[in-house]
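Here is how the chains run, residue by residue.
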Amino acid sequence: MAEKERHTRRRATAESMAATQRDISVSEFFAKNRHLLGFDNPRKALLTAVKEAVDNSLDACEEAGIIPELWVHMEAAGPNRFKVGIQDNGPGIVKKQIPLIFGKLLYGSKFHRLRMSRGQQGIGISAAGMYGMLTTGRPVKIISITSLKKPAHYFEIQIDTKRNQPEIVNGRGEGEEIPSGEKGQRYIAEHGIEWVAQYPTPDEHSPHQKEVKSGTRVTIELEGRYVRGRGSVDDYLEQTAIANPHVTIHYLDPENHGTTYARSTGQLPPEPREIKPHPYGIELGRLVTMLKDTTGGTMAQFLTDSFSRVSPAVAKQICDAAKISTRSNPKRIGRQEADALYQAIQNTKISAPATDCISPIGEPLILKGLHQQVPGEFFCAATRPPAVYRGNPFLIEVGLAFGGASPTQKVNLETLTDLLSESDARSVRQFLLTTFDGIGAAGAERIMTEARMGARQSPSKLKKDEIAQLHGAMKNVNLSEGQSMQVLRYANRVPLQFQPAACAITQSVIANNWRSYGLSQSRGQLPSGPVTIMVHMASVWVPFTSESKEAIASYPEVTKELRLGLQAVGRKLAMYLNQRKRVKQEGERREIFLRYLGEVATAVSAIKGYGDGKKKDLYGQLLGVAKRKTAVADTQLDDRGKKKTEPAAEDFGENVLIVDAEQHGEEN
């Protein structure tokens, strides 16, 4: 009997189940599922925190019409713990908004606004603060200055994840006001508040700036792992400088090494304008909600006021097709009428939405950014005309750099030693493949063969002389043939560092037939060669595959534009490679001529009985014929891709930059 009672299961009732059910706040959800936001491992979490703060800073500066200057400082605060500080020279933030921006998830100004911006959901920076609080227990520290004449606002904030509300832990829950002037500077120094008050040495684009007049600095202490190489903070900042040539970034890494990514232009990108939603991008359920919430008195007013590209004439067409009066009250529209209205919208020809809501980088600045950060001999860029997916305008830009050294050849011995000690790779081969972009399996094998290393040799156990041997092999092995293409992915000027295989950009690059443009490519693989491709998608709403914003979804409209953009730069590359191939072939042909011209002149002179003077004249005539027949070997191209000797004979099109090979010590 006791055994039977022990196995008797107590059944739940509707009442007992109801007693355990409660609301879940968005903060509590993401605290338990932080991998959805990009905080799934310490290395990635460190990069994500920096990325979200940098994105917000750039958006704030550009919206205020300020040329951005950013300070990114990281320092070790303990084992696997880092203090990250990001400061900008933006307009600052008013006091009442600071706790909400940094201490509440899904709070922001960009979600409902149809204009291009880096942030979208209002999750990023507050999620970074939440991750820091969960892993270290430390609050987020924010100091913001709106004017040198006004007090600065200083807050230390934690997130109450159960209520998704900020908790201010300093100033008795109200934050602190720091007075302006010298008194405020003393207060900041005495209390250990981090703030860069002075610009460094002025540059040509901002020659008169000295004191930082406004801006915001956020400091987060979090659990992380700092590793250089691919997917690191260093790599992210370098790629950010390529797509944002108007920004200067002062970067101090945890090892106290300072790097400055200087701006190459003092011109801000055009400010995008906010637009209304396009009718083609509205789904039926959303249309019903808009009908209920509208302030328009008639159906015609509702359509013209709520959507872009709907004029009174187009509104009448839609209403006529749906058999609804233009004067009917939109709030009284039933389900069947709403369905008819939705179908009428889809069947009515409506102009594409305006594209002044997006701000492309532009082909000239893509060339500048690539040339400044990526070594190469040939650069080109192409911008596609604006297109639309789900009613959202977007634009694809592609840049390409050919030539230059492999990433392995740019690493010094000290950096290689640090990278090997930090790596968790099981073998040297795996270390090479995961640390450096564009090597490929064949290149890694060639380096290991040159270094005389075994397949299973562990990178962390290499001795000093073995590291030097590996470094020498990395410098000496020519990887240009076996090197795979490096793909730089961007969305609204933000580098995408993770999930490349799931991204429409990578898939489009692989699907493109690069063999027709002079590169070797295996099926289902990136092409081989010393090539860097940069692809940027600018849109009012980027279709990311997840909240962590790491990959772009494969909408048919997006993949079509990606394909056409890649083909445009591919054609320019093919023209350059064909030209270079012809120059090389004619050069080899001339060498053969020159090898035998002396013997031909001697033989002819012997047959004809010529003297030494006549023989020299004959040799000169033969040499002139050889040079004329192989004149292509003397071709020199200017920085626009045109022949210097015959300016109109060869043109690679617009937005091409060819670098003199002697600058890089390479052979053209």
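As the structure is a prediction and not an experimental result, all values here were calculated from the model.

A. Region of interest: the overall build of the chain. Helix and strand content of the chain: 21 helices and 16 strands. When contacts within the chain are restricted to residue pairs at least 6 apart in sequence, long-range pairs at least 24 apart make up 71% of them. Entry remark: accessible area of the chain is about 33200 Å², with carbon and sulfur atoms responsible for 48%.

B. Region of interest: the packing of helix H9 (residues 284-293) against helix H12 (residues 335-347). In contact at an axis separation of 10 Å, H9 and H12 are set at 115° when each is read in the N-to-C sense. Handedness of the crossing formed by H9 with H12: right-handed. Seen from H9, the contacting residues are Leu284, Leu287, Val288 and Leu291; seen from H12, they are Arg335, Ala338, Asp339, Leu341, Tyr342 and Ile345. Split by residue class, the contact of H9 with H12 holds eight nonpolar, no polar and two charged.

C. View of the confidence of the model for the chain. Of all residues in the chain, 81% attain a pLDDT of 70 or more, and the chain-wide mean is 79. Within the chain, the element-level pLDDT minimum falls on helix H21 (residues 661-664), averaging 46, and the maximum on helix H18 (residues 504-511), averaging 93. Across residues 645-650, confidence stays below pLDDT 50; counting only partners more than four residues off in sequence or on other chains, it has eight contacts.

D. Structural detail: the pairing of strand S15 (residues 531-539). With nine of nine residues buried, S15 lies mostly within the body of the structure. Inspection of the sheet shows strand S12 (residues 392-402) paired to S15 by nine bridges, in the antiparallel sense. By the bridge assignment for S15, leucine 395 is matched with alanine 538. In this sheet, S15 lies alongside strand S13 (residues 486-491) in parallel orientation, the contact comprising six bridges. Counterpart to alanine 491 in the pairing with S15 is methionine 537.

E. Representation of unusual backbone geometry. Positive phi, normally seen in glycine, also occurs at asparagine 164, with a value near 55°. Given the relative accessible area of 8%, asparagine 164 is considered buried. Phi is positive for asparagine 256, close to 65°, though the residue is something other than glycine. Here asparagine 256 lies in the loop between strand S8 (248-252) and strand S9 (258-261). On the accessibility criterion, asparagine 256 (58% relative accessible area) is exposed.

F. Quick look at helix H6 (residues 124-136). Helix length check: H6, at 13 residues, gives a terminal C-alpha distance of 18 Å against a target of 18 Å (1.5 Å per residue), a fit within 8%. Burial within H6 is extensive, with 12 of its 13 residues counted as buried. By the burial criterion, the buried members of H6 are Gly124, Ile125, Ser126, Ala127, Ala128, Gly129, Met130, Tyr131, Gly132, Met133, Thr135 and Thr136. Just beyond H6, the residue with positive phi is glycine 137, at close to 75°.

G. Quick look at the pairing of strand S3 (residues 140-145). Judged by how many residues are buried, S3 sits mostly within the fold: five of six residues are covered. Between S3 and strand S4 (residues 152-160), which pair antiparallel and follow one another directly, the connecting turn spans six residues. Relative to strand S7 (residues 215-223), S3 is paired through five bridges, and the arrangement is antiparallel. In the sheet register, isoleucine 143 faces S7, and the bridge partner there is arginine 217.

H. Geometry of the packing of aromatic side chains. Under the criterion given, the structure shown has seven aromatic pairs. Grouping aromatic residues by their ring pairs yields a cluster made of Phe378, Phe402 and Tyr576. Above the ring of phenylalanine 498, the side-chain terminus of lysine 44 is found at 5.0 Å from the ring centroid.

I. Inspection of the pattern of salt bridges at higher detail. Evaluated as defined, the whole model comprises 13 salt bridges. For lysine 44, the salt bridge is made with glutamate 550, and the minimal N-O distance between the two is 2.8 Å. You can see lysine 44 sitting in helix H4 (residues 42-63) and its partner glutamate 550 sitting in the loop between S15 and helix H19 (556-608), a full 506 residues away along the chain. The partner of glutamate 177 in a salt bridge is lysine 95, with the nearest N and O atoms 3.6 Å apart. In this pair, glutamate 177 is assigned in strand S6 (residues 176-178) and lysine 95 in the loop between strand S2 (81-88) and helix H5 (98-103), connecting sequence segments 82 residues apart. Each of Lys51, Glu52, Asp55 and Lys549 takes part in one network of salt bridges that share partners.

J. Summary view of helix H13 (residues 363-373). Those residues of H13 that fall on the buried side of the exposure criterion are Glu363, Ile366, Leu367, Gly369, Leu370 and Gln373. Down the axis of H13, the sector holding all buried residues measures 165°, keeping them to one side.

Reading the values: rules and limits
Residues numbered from 1 in each chain as written. Predicted model: local features only at pLDDT ≥ 70, side-chain atom pairs only at ≥ 80, totals over all residues. Heavy atoms only, no water. Helix = DSSP H or I, 4+ residues; strand = E, 2+ residues; numbered from the N terminus. Contact = heavy atoms within 4.5 Å. Areas by Shrake-Rupley, 256 points an atom, 1.4 Å probe, with all protein chains shown as cover. Axes fitted to C-alpha atoms, helices over the stretch in contact; angles between N-to-C directions. Left-handed = near helix turned anticlockwise from the far one by under 90°. Nonpolar A, V, L, I, M, F, W, Y, C, P; charged D, E, K, R; others polar. pLDDT = per-residue confidence, 0-100. Buried < 20%, exposed > 50% of the residue type's maximum accessible area, 1.4 Å probe, protein only. Pairing = 2+ DSSP bridges. Expected span 1.5 Å × (residues − 1). Phe/Tyr/Trp six-rings, centres within 6.5 Å; stacked < 30°, edge-to-face > 60°. Lys NZ or Arg CZ within 6 Å of the ring centre and 35° of its normal. Salt bridge = Lys/Arg side-chain N within 4 Å of Asp/Glu carboxyl O. Arc of directions from axis to C-beta.

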